[in-house]
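# Chain and residue survey
The residues making up each chain are set out below.
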Amino acid sequence: MAARIIDGKAVAASLRAEVAAGVAAFKAETGAVPGLAVVLVGEDAASQVYVRNKNKAAEGAGMRSETIRLPAHASEAALLDVVARLNADPGTDGILVQLPLPAQIREGAVIEAIDPAKDVDGFHPVNVGRLWLGQEALAPCTPTGVMRLLAASGTALRGAHAVVVGRSNIVGKPMAQLLLRADCTVTIAHSRTRDLPALARSADVLVAAVGRAEMVRGDWVKPGAAVIDVGINRVPGAAGKDRLVGDVHHAEAAAVAGAITPVPGGVGPMTIACLLENTLKAARARRGLVRRA
Ligand code: NAP
């Protein structure tokens, strides 16, 4: 039987509507509007699209949204000045510095300079630490989105074996932690893992966050498993146009899995919806409207 397709667009749309309602309630309660600031350094084409989409989505949810642009040759000090100004600005609830940054700027130094209470990407060591300690935290958006997709698909997580392929700080590691929190037994795989196909085949929940087009084949998937494809890869398509594919060979995996996310239209739309959710969460927390652990 073919797998159920987990519709990320639909789940993201309902989360965005939920956030928009939360923003309206926040405005009524505080008289303030949650504010998101996105900082973009340089002219990277993909980053420009991401930033535009983030701003549009924030405004669509009723938030205030601004983009601060710095030239590609901007110094680390100049970027740190912008971050310091946003940290101090009472109207800014969420700060997101679009990655990657040009080589002259140390990503770690910038991430650590962001006020953890405004760190809506969830990359600051304080939020990473809180997440791993099981405390209330701003968690990274992509893995948070994956958890929502698993919930929406009715996937049973307690006691399930989850295999996360990829151990990056922005996807793989926080993904593993969120699955652990949901009582999965979690294995994190990476480029040095032995016999990855066999390991993947033991997964009830298989998350691929690798960045290698269609690496996960149908015979890597346990029959009935939930397969989440985080990958976004551009490959040459018909008529000289690129097409997007995931890290999973979709057609093969869908023939074996119980449920699977498509690319595009799976995890991608969830990332921005969860960014909006984090911004509202930060705005509420900064005004003492929710309990912080
Ligand atoms: P990344 O930082 O490059 O990390 C890739 C991970 O995959 C690394 O841990 C690497 O292992 C592992 N890996 C590489 N080759 C492997 C192999 N042959 N076998 C097993 N593991 C292998 O990438 P990322 O930032 O986590 O992103 C992963 C993918 O998700 C990319 O396609 C990216 O575009 C996509 N993404 C999508 C969203 C979204 O919104 N949908 C958001 C973020 C990222 P080592 O650590 O051993 O090198």
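### Section: the packing of helix α1 (residues 8-30) against helix α6 (residues 141-152)
- Where α1 contacts α6, the axes come no closer than 10 Å and their chain directions differ by 110 degrees. The orientation of α1 relative to α6 falls into the category roughly perpendicular. On the side of α1, the interface is formed by Gly-8, Val-11, Leu-15 and Glu-18, while α6 contributes Arg-148, Leu-149 and Ala-152.
- Here the contact of α1 with α6 is composed, by residue class, of four nonpolar, one polar and two charged.

### Examining the site of the ligand
- Residues in contact with the ligand amount to 23 residues; listed here are only the nearest, Arg-167, Ser-168, Ser-191, Arg-212 and Thr-271.
- One of the side-chain nitrogen or oxygen atoms of Ser-191 is found 2.5 Å away from an oxygen atom of the ligand.
- Coverage of the ligand by the protein amounts to 70% of the 930 Å² it exposes when considered alone.
- Examining the composition of the shell around the ligand, we find that three residues originate from one element, helix α10 (residues 267-286), more than from any other.
- Its residues assigned to classes, the shell around the ligand comprises ten nonpolar, ten polar and three charged.

### Re the environment of Leu-289
- Mapped onto the elements of the fold, Leu-289 is located in the segment after α10.
- C-alpha separation for the pair Leu-289 and Ala-2, spaced 287 residues apart in sequence, amounts to 45 Å.
- Those residues within four positions of Leu-289 in sequence are excluded, and the remaining contacts are Phe-26, Glu-29, Thr-30 and Arg-284.

### Points about the environment of Ile-5
- As for its placement among the helices and strands, Ile-5 is situated in strand β1 (residues 4-5).
- When the C-alpha atoms of Ile-5 and Val-210 are compared, they prove to be 21 Å apart, with 205 residues separating the residues in sequence.
- Among all residues touching Ile-5, those that are not within four sequence positions of it are His-250, Ile-260 and Pro-262.

### Structural notes on the pairing of strand β9 (residues 233-236)
- Residues of β9 alternate between two faces, with Asn-233 and Val-235 buried on one and Arg-234 and Pro-236 left unburied on the opposite face.
- By the bridge criterion, four bridges tie β9 to strand β10 (residues 242-245) in an arrangement that is antiparallel. In the sheet register, Asn-233 faces β10, and the bridge partner there is Val-245.

### So, a positive patch on the surface
- A grouping of Arg-16, Arg-52, Lys-56 and Arg-69 is seen on the molecular surface, where their side chains present a positively charged patch.
- Structurally, Arg-52 can be placed in helix α2 (residues 45-60).

### Remarks on the sheet that holds strand β7 (residues 205-208)
- Pairing in this open sheet of six strands is parallel, and the strands run β1-β11-β8-β7-β5-β6 from one edge to the other. Looking at strand neighbours, the two that pair on one side only are β1 and β6 (185-189), the edges of this open sheet.
- Alignment of strand β8 (residues 226-229) against strand β11 (residues 259-260), held across two bridges, turns out to be parallel. Bridged to Val-227 within β11 is Ile-260.
- Those strands touched by helix α7 (residues 172-181) are β5 (161-165), β6 and β7, and its axis lies near 170 degrees from that of β5.

### Some words on the packing of α1 against α10
- Put simply, α1 and α10 touch, their axes get as near as 9 Å, and they point 20 degrees apart. Regarding the angle of α1 to α10, the classification is roughly parallel. Judged by the sense of rotation from one axis to the other, the crossing of α1 with α10 is left-handed. Contacts from Gly-8, Lys-9, Val-11, Ala-12, Leu-15, Arg-16, Val-19, Gly-22, Val-23, Phe-26 and Glu-29 in α1 reach Pro-269, Met-270, Ala-273, Cys-274, Leu-276, Glu-277, Leu-280, Ala-283 and Arg-284 in α10.
- Taken together, the residues that form the contact of α1 with α10 break down as 13 nonpolar, two polar and five charged.

### Thoughts on the nonpolar core
- Grouped together as the largest cluster of nonpolar side chains are 54 residues, with contacts concentrated most on Val-19, Leu-150, Leu-179, Val-207, Ile-228 and Val-230.
- Ranked by residue count, the leading element in this core is α10, at ten residues.
- Setting aside its immediate chain neighbours within four residues, Val-207 contacts Val-163, Val-164, Val-165, Met-175, Leu-179, Ile-228 and Val-230.
- Among the nonpolar cores identified, the runner-up in size contains 19 residues, and Ala-203, Trp-220, Val-227 and Ala-254 belong to it.

### Focus: α2
- For α2, spanning 16 residues, the distance from its first C-alpha to its last is 23 Å, which sits close to the expected 22 Å at 1.5 Å a residue.
- Where α2 is concerned, the buried positions are Ser-47, Val-51, Lys-54, Asn-55, Ala-57 and Ala-58. Viewed end-on, α2 has its buried residues packed into an arc of 165 degrees, placing them on one side of the element. Turned more than 90 degrees away from the buried face of α2 sit Ala-45, Arg-52, Lys-56 and Gly-60, all of them exposed.
- Taken together, the buried residues of α2 touch α1, β2 (35-41), β3 (64-70), β4 (94-97) and α10.
- Where α2 terminates, the next one or two residues include Gly-62, which has phi positive at roughly 90 degrees.

### Description of unusual backbone geometry
- Omega for the peptide link from Leu-99 to Pro-100 comes to 0 degrees, which places this bond in the cis form.
- Note that Pro-100 resides in the loop between β4 and α4 (107-113).
- In this chain, Val-263 is followed by Pro-264 through a cis amide linkage whose omega measures -5 degrees.
- Turning to its location among the elements, Pro-264 is positioned in the loop between β11 and α10.
- Backbone geometry at Asp-183 places phi at a positive 70 degrees, although glycine is not the residue there.
- In this fold, Asp-183 is placed in the loop between α7 and β6.
- Judged by relative accessible area, Asp-183 falls into the partly exposed class, the value being 40%.

Reading guide: rules and limits
Residues numbered from 1 in each chain as written. Predicted model: local features only at pLDDT ≥ 70, side-chain atom pairs only at ≥ 80, totals over all residues. Heavy atoms only, no water. Axes fitted to C-alpha atoms, helices over the stretch in contact; angles between N-to-C directions. Helix = DSSP H or I, 4+ residues; strand = E, 2+ residues; numbered from the N terminus. Parallel < 35°, antiparallel > 145°, perpendicular 65-115°, else oblique. Contact = heavy atoms within 4.5 Å. Nonpolar A, V, L, I, M, F, W, Y, C, P; charged D, E, K, R; others polar. Near = heavy atom within 4 Å. Polar contact = N/O pair within 3.5 Å; in protein donor to acceptor, adjacent residues only side chain to side chain. Areas by Shrake-Rupley, 256 points an atom, 1.4 Å probe, with all protein chains shown as cover. Buried < 20%, exposed > 50% of the residue type's maximum accessible area, 1.4 Å probe, protein only. Pairing = 2+ DSSP bridges. Patch = residues over 30% accessible without salt bridge, like charges linked within 9 Å, V, L, I, M, F, W, Y side chains within 5 Å. Salt bridge = Lys/Arg side-chain N within 4 Å of Asp/Glu carboxyl O. Lys, Arg positive; Asp, Glu negative; His and termini not counted. Charge placed at Lys NZ, Arg CZ, Asp CG, Glu CD. Left-handed = near helix turned anticlockwise from the far one by under 90°. Core = buried A, V, L, I, M, F, W, Y, C linked by side-chain atoms within 4.5 Å. Expected span 1.5 Å × (residues − 1). Arc of directions from axis to C-beta.

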